[in-house]
Amino acid sequence: MIVEPVRLLMIVLLLLLSVSISAAESDGQQRMFISSGSKWEAMAAYSRAVVDGDWIFASGTVGFNPKDSSIPAGFDQQMDQIFINIGDTLNRVNARLEDIVRVRCFIVDTKYIAAMPNKLHQYLGDVRPANTTVVTQLAAEGALIEIEITALRRK
C-alpha cells in the first residue's frame, strides 16, 4: 500500500508528539503557564509562555507596548519592543535572552529580511539560535514582525 506523503508526515508527527507528551508526563515536572494578563490569551485559549522543566516556549510576540497599548510604526522599534517583551517573559521564569535556542520570525514583507538579522544580532549576539523566517500576514494590526522563541534554562 502506498501512503500519501502528507498522511505519512502526519502519522510521524503524531507519533513524535505522543512520545514527547509521555516523556513530559513521566519526568515528574509540572507545567507552568505564564500570562501577560492580555484579554487575547483568554479569548484565544493560549498562554504567553509555557514552562515545562527547563524548557520555555513563548508564544508569538509582536511589538505591542503594554504600557500604552501601542505598536510602534517602525520595524526596528517593533523589534526593540519585542525583545523587551520576550526579556520580561524570560525574567519571570529566571531565564535570559542568552537561553534562547530557537526563534521563529514572521514578517509581513521581504523588505525586512535585511534589517532583521541586525536586530537579532543586537539582542542575541553570539547565541546564534536556530531560526526560521516566514513571510506572512499577521493578525495584529500594524505589526510588521512577530517572533516566537524557545529557550532552555541553563543550570
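Refer to the structure presented above.
Since the model is a prediction, treat every value here as computed from it, not as a measurement.

K.L.:
Can you walk me through the packing of aromatic side chains in this structure?
P.N.:
Aromatic ring pairs: the centre-centre distance and the angle between the two ring planes describe each pair. Overall, the coordinates contain 3 aromatic pairs when judged by the stated rule. When the ring of Phe75 is compared with that of Tyr112, the centres are 4.5 Å apart and the planes differ by 5°; the resulting orientation is stacked. Of this pair, Phe75 sits in helix 3 (residues 75-92) while Tyr112 is found in the loop between strand 4 (100-107) and helix 4 (115-124), placing the two residues 37 residues apart along the sequence. Relative accessible area serves as the criterion here: at 6%, Phe75 is assigned to the buried category.

K.L.:
Any chance you could explain the side chain of Gln81 here in plain terms?
P.N.:
Counting through the fold element by element, Gln81 comes out in helix 3. Taking relative accessible area as the criterion, Gln81 reaches 11% and is therefore assigned buried. Not counting chain neighbours up to four residues away, the residues in contact with Gln81 comprise Gly63, Phe64, Asn65 and Pro66.

K.L.:
Help me out: how do you make sense of the nonpolar core in this one?
P.N.:
Note on soluble globular proteins: their nonpolar side chains tend to be buried together. Residues Leu90, Ile100, Ile145, Ile147 and Ile149 are the most contacted members of the largest nonpolar core, which totals 27 residues. Every element with two or more residues in this core is listed here: strand 2 (49-52), strand 3 (55-61), helix 3, strand 4, helix 4 and strand 6 (145-152). Sorting elements by how many residues they give to this core places helix 3 first, with 6 residues. Every residue in contact with Leu90, bar those within four places of it in the chain, is listed here: Ile56, Ala95, Arg96, Leu97, Ile100, Ile149 and Ala151.

K.L.:
What is the right way to look at unusual backbone geometry in this model?
P.N.:
With glycine set apart, most residues show a phi of negative sign, and most peptide bonds adopt trans. Residue Asn94 is not a glycine yet carries a positive backbone phi of 55°. Structurally, the position occupied by Asn94 is in the loop between helix 3 and strand 4. With a phi angle near 45°, Arg128 is a residue other than glycine that sits in the positive phi range. Within the secondary structure, Arg128 is located in the loop between helix 4 and strand 5 (130-135).

K.L.:
Explain the pattern of salt bridges here, please?
P.N.:
Pairing between side chains of opposite charge can happen when their charged atoms approach one another. Summed over the entire model, instances satisfying the criterion amount to 6 salt bridges. Taking the shortest distance from any N to any O, the salt bridge between Glu148 and Arg104 comes out at 2.7 Å. Of this pair, Glu148 sits in strand 6 while Arg104 sits in strand 4; the two residues are 44 residues apart in sequence, bridging distant segments of the chain.

K.L.:
Even after reading the chapter, I still don't get the environment of Arg104, so can you show me in this structure?
P.N.:
Overall, the relative accessible area of 26% leaves Arg104 in the partly exposed class. Between the C-alpha atoms of Arg104 and Thr133, which are 29 residues apart in sequence, the distance is 5.8 Å. Those residues in contact with Arg104, other than ones at most four positions away along the chain, are Thr132, Glu146, Ile147, Glu148 and Thr150. At 2.7 Å, the side chain of Arg104 and the side chain of Glu148 are in polar contact.

Conventions used here
Per chain, residue numbering runs from 1 following the sequence as it is written. Local features are withheld for residues below a pLDDT of 70 in this predicted model, meaning they are given only at 70 or higher, and side-chain atom pairs are given and counted only at 80 or more; totals for whole chains, interfaces and linings count all residues. Where side-chain values are given, they derive from all heavy atoms of the structure, hydrogens and water being excluded. For Phe, Tyr and Trp, where Trp contributes only its six-membered ring, two rings pair if their centres lie within 6.5 Å, and the inter-plane angle classes them as stacked under 30 degrees, edge-to-face over 60, or tilted in between. Helix numbering and strand numbering both begin at the N terminus, where a helix is a DSSP run of H or I of at least 4 residues and a strand a DSSP run of E of at least 2. Only protein chains enter the accessibility calculation, which uses a 1.4 Å probe; a residue is then buried when its area is under 20% of its type maximum, exposed when over 50%, and partly exposed in between. Any two residues having at least one pair of non-hydrogen atoms within 4.5 Å are treated as being in contact. Take the buried Ala, Val, Leu, Ile, Met, Phe, Trp, Tyr and Cys residues and link them wherever side-chain atoms come within 4.5 Å; each set so joined is a nonpolar core. One side-chain nitrogen of Lys or Arg within 4 Å of one carboxyl oxygen of Asp or Glu is enough to make a salt bridge. Whenever a nitrogen or oxygen atom comes within 3.5 Å of another N or O atom, the pair is scored as a polar contact, on the condition that within protein one atom can donate a hydrogen and the other can accept it, and that pairs from neighbouring residues in sequence are kept only if both atoms are in side chains.

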